[in-house]
Amino acid sequence: MKAFVNLFKVRIGAAIAVAAAAGLAVEGGSGPGFVQSIVLILSVLIASAAAGAFNQYVERDLDERMARTRNRPFVTGALKHGPFWLWLIGFMTAGAVLAASLAANFLAGIYVFLGAFTYGVVYTMWLKRRTWWNIVVGGLAGSFAVLAGAAAVAPAPGPEALALAVVLFLWTPPHFWSLAIACRDDYAAAGVPMLPVVVGDARAARAIFASAALLVAASLAPFFFNLGILYFAAALAGGLFFLLRCRALVLRPGRETARAAFLASLVQLCAVLLGAMADVALS
């Protein structure tokens, strides 16, 4: 069970599923019923799990060279690396897209597919080994989850859903760059051009702080559209906490402060997504 949880990156998938739920919640209007909504959210989770497994299937050679990832199941042999997994991943992705299309509509299914494709193919296969822009573009994967949820309610997303999609896009770089500073030696040994490997920890820390400031500013935008004070308070508190950790990283770049910023980014994302859903539920 531990190997499967690792392979399918269930924790990341759960966060992406919550993003879809938030997109569904903030769009308002007459959306799908409870069962259809659950099917859509589970479709996002399954598509994300498939993309995560594909990432590990493709990157087994990199994972072998990194201390952070050398215990992944394809590296240790807990799961046998072979074409069976490609068939399973393809079946999961197709099933998730079909389920989202039937539960909501075709556009929601397209967004579910684009999220998995962006992470599995654009980020993993095309960009990760080539450029430090890898994670910037890869941030679109989370944005598509929000749009999938919103598409279940309306074909054109409203300003609140668009703002949350932008938040997911802007959140990914400071989140992963913080992790990349903490694991810079790993990425350097594997030849992956993450930003800290390319420009060094100090410059990467300043980029993290600048991108986090932009993220926090964007996260407050939904308040000026239709979300209320509960959302604003949650987004502001989570954002300030993240900025304080990023500021500490700028002042003292290193593994400890980078991990603290990485964890703070998770707090910030939870504050935004859960705050948005709570605000809608209680309004």
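Residue numbers run consecutively from 1 along every chain, following the written order of its sequence. Thresholds applied to this predicted model are a pLDDT of at least 70 for local features of residues and 80 or more for the giving and counting of side-chain atom pairs; totals over whole chains, interfaces and linings are not thresholded and use all residues. Derived side-chain values reflect all non-hydrogen atoms in the structure, with water molecules and hydrogen atoms excluded from consideration.

Draft legend 1. Summary view of the overall build of the protein chain. Working definition: helices are DSSP H or I runs of at least four residues, strands are E runs of at least two. Numbering for both runs from the N terminus. The helix and strand tally for the protein chain stands at 15 helices and 0 strands. Only C-alpha atoms enter the radius of gyration, while the globule expectation follows 2.2 Å times N to the 0.38, with N the number of residues. A compact globule built from 283 residues should have a C-alpha radius of gyration of about 19 Å, and the protein chain, at 18 Å, falls within 12% of that. Its C-alpha atoms put the protein chain at 50 × 50 × 30 Å along the principal axes. The buried share of the protein chain, reckoned over its 283 residues, is 53%. What makes two residues a contact is simply this: any of their non-hydrogen atoms within 4.5 Å. Long-range pairs, those at least 24 residues apart, make up 74% of the contacts in the protein chain between residues at least 6 apart in sequence. A 1.4 Å probe rolled over the protein chains alone gives each residue an accessible area, and that area as a share of the maximum for its type sets the label: buried under 20%, exposed over 50%, partly exposed in between.

Draft legend 2. Representation of the packing of aromatic side chains in the model. Pairing of aromatic rings covers Phe, Tyr and Trp, the last through its six-membered ring, and needs centres within 6.5 Å; plane angles under 30 degrees mean stacked, over 60 mean edge-to-face, and all others mean tilted. According to the stated counting rule, one finds 13 aromatic pairs in the structure shown. Taken together, the ring pairs connect Phe 4, Phe 8, Tyr 57, Phe 74, Phe 84 and Trp 85 into an aromatic cluster.

Draft legend 3. How the structure looks around the packing of helix α7 (residues 106-127) against helix α9 (residues 140-151). Orientation is described by axes fitted as lines to C-alpha atoms, over the contacting stretch for helices, and by angles from 0 to 180 degrees between their N-to-C directions. Viewed as axis vectors pointing N to C, α7 and α9 meet at an angle of 170°, and their least axial separation amounts to 8 Å. Put simply, α7 runs roughly antiparallel to α9. Residue-level contacts link Leu 107, Ala 108, Tyr 111, Val 112, Leu 114, Gly 115, Thr 118 and Tyr 119 of α7 to Leu 140, Ala 141, Phe 144, Leu 147, Ala 148 and Ala 151 of α9. By the definition adopted for this analysis, an angle is roughly parallel if under 35 degrees, roughly antiparallel if over 145, roughly perpendicular if from 65 to 115, and oblique otherwise.

Draft legend 4. The state of the cysteines, seen in detail. For this text, the term disulfide refers to a pair of cysteine sulfurs within 2.5 Å. Tallied over the entire structure, the rule returns 0 disulfides. Here Cys 246 stays free of any disulfide, with the sulfur of Cys 270 as its closest cysteine sulfur at 16 Å.

Draft legend 5. View of the pattern of salt bridges. The term salt bridge refers to a pairing of a side-chain nitrogen on Lys or Arg with a carboxyl oxygen on Asp or Glu at a separation within 4 Å. Applying the stated criterion across every chain yields a total of 5 salt bridges. As a salt-bridge pair, Asp 63 and Arg 72 come within 3.2 Å of each other at their nearest N and O atoms. Asp 63 sits in the buried class, given a relative accessible area of 2%. By relative accessible area, which is 12% here, Arg 72 ends up buried. Asp 201 is the salt-bridge partner of Arg 184, the closest N and O atoms lying 2.8 Å from each other. Placement of the pair is Arg 184 in helix α11 (residues 184-190) and Asp 201 in helix α13 (residues 201-219), with a sequence separation of 17 residues. A residue is classified by how much of its surface remains accessible, and Asp 201, at 17% relative accessible area, is buried. One salt-bridge network, held together by shared partners, links Arg 184, Asp 185 and Asp 201.

Draft legend 6. Structural view of the packing of α9 against helix α10 (residues 159-182). α10 packs onto α9 with a crossing angle of 160° between their chain directions and a minimal axis gap of 7 Å. The pairing of α9 with α10 is recorded here as roughly antiparallel in orientation. You can see that α9 and α10 cross each other, and the crossing is right-handed. Contact with α9, carried on its side by Leu 140, Gly 142, Ser 143, Val 146, Leu 147 and Ala 150, involves Ala 161, Leu 162, Leu 164, Ala 165, Leu 168 and Phe 169 of α10 and no other residues of that element. Among the residues making up the contact of α9 with α10, the classes are represented as 10 nonpolar, 2 polar and no charged. Should the near helix be turned counterclockwise from the far one by less than a right angle, the crossing is left-handed, whereas a clockwise turn marks it as right-handed. Classification convention: Asp, Glu, Lys, Arg as charged; Ala, Val, Leu, Ile, Met, Phe, Trp, Tyr, Cys, Pro as nonpolar; all other residues, Gly among them, as polar.

Draft legend 7. Highlighting the nonpolar core. Membership of the largest hydrophobic core comes to 74 residues, with the highest contact counts inside it found for Val 44, Val 112, Leu 164, Ile 181, Tyr 187, Tyr 231 and Leu 249. Considering every element that reaches this core, the biggest residue donor is α10, with 12 residues. Look past the residues within four positions of Tyr 231 in its chain and what remains in contact with it is Leu 164, Ser 219, Pro 222, Phe 223, Val 272, Gly 275, Ala 276 and Asp 279. Judged by nonpolar contacts, the second largest core, of 13 residues, contains Ala 3, Ala 53, Tyr 57 and Trp 85. By nonpolar core we mean a set of buried residues, namely Ala, Val, Leu, Ile, Met, Phe, Trp, Tyr and Cys, connected to one another through side-chain atoms within 4.5 Å.

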